[in-house]
Amino acid sequence: IMTTSQNRAHFKFVVPSAYPVLIVGAGPRHTLFIVNEGADATRIGPSGSIATEGMYMATKTTFEDGYSTDEWWAIAPSASGSVSGYIVY
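Residues numbered from 1 in each chain as written. Predicted model: local features only at pLDDT ≥ 70, side-chain atom pairs only at ≥ 80, totals over all residues. Heavy atoms only, no water.

### Some words on the overall build of the chain
Across its full length, the chain carries one helix and nine strands. Secondary structure elements of the chain, listed N to C terminal, follow the sequence β-β-β-β-β-α-β-β-β-β. Expressed as a percentage of its 89 residues, the buried residues of the chain come to 39%. Contacts spanning at least 24 positions in sequence make up 72% of the contacts within the chain whose residues lie at least 6 apart. (Helix = DSSP H or I, 4+ residues; strand = E, 2+ residues; numbered from the N terminus. Buried < 20%, exposed > 50% of the residue type's maximum accessible area, 1.4 Å probe, protein only. Contact = heavy atoms within 4.5 Å.)

### Digging into the side chain of Ser82
With respect to the helices and strands, Ser82 occurs in strand β9 (residues 81–88). According to the relative accessible area criterion, Ser82 is buried, its value standing at 15%. The residues contacting Ser82, other than those within four sequence positions of it, are Lys12, Phe13, Val35, Asn36, Glu37 and Gly38.

### What about the side chain of Asp65?
Counting through the fold element by element, Asp65 comes out in strand β7 (residues 62–65). Despite its burial, Asp65 pairs with no opposite charge; the closest candidate is Arg29, at 4.1 Å N-O. A polar side-chain atom of Asp65 sits 3.0 Å from a polar atom in the side chain of Trp72. Aside from chain neighbours lying at most four places away, what touches Asp65 is Arg29, Thr31, Leu32 and Trp72. (Lys, Arg positive; Asp, Glu negative; His and termini not counted. Salt bridge = Lys/Arg side-chain N within 4 Å of Asp/Glu carboxyl O. Polar contact = N/O pair within 3.5 Å; in protein donor to acceptor, adjacent residues only side chain to side chain.)

### Topic: the pattern of salt bridges
The full count for this structure, using the stated rule, is one salt bridge. For Glu37, the salt bridge identified is with Lys12, shortest N-O distance 3.1 Å. Residue Glu37 is located in the loop between β4 (31–36) and β5 (42–45), and its partner Lys12 is located in strand β2 (residues 8–15); the two are separated by 25 residues in the primary sequence. Glu37 gets classed as partly exposed once you look at its relative accessible area, which sits at 30%. On the basis of relative accessible area, Lys12 is assigned to the partly exposed category, the value being 44%.

### Quick look at the pairing of β5
Judged from the three bridges that link them, β5 and strand β6 (residues 55–57) form a sheet pairing that is antiparallel. Bridging across to β6, Ile44 finds its partner in Met55. Relative to strand β8 (residues 72–75), β5 is paired through three bridges, and the arrangement is antiparallel. Across the sheet, the residue bridging to Arg43 is Ile75, located in β8. (Pairing = 2+ DSSP bridges.)

This is the structure in structure tokens:
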């Protein structure tokens with residue numbers, strides 16, 4: 001789900017453990033914020049093969065990418081989770 005408010009585009013995804021989910025596509029932006037809202041840790045990364053290579057993201061933490069314009073993926077290591085955030089254009 002994506003909504004836009006002025007120069008921010010908000011998103012929220014249910015993240016399964018079976019396969020990675022594309023949460024943000026590649027493209028120009030100023031910064032990106034990702035929040036792990038789930039009760040368990042998740043993995044995020046700029047690659048489709050993040051199940052073993054992605055960055056570990058503890059529950060209730062935030063990640064900020066103010067550098068890249070890559071796409072970002074998420075996967076739940078064990079149970080499904082929830083990832084939200086916003087893109088600043």
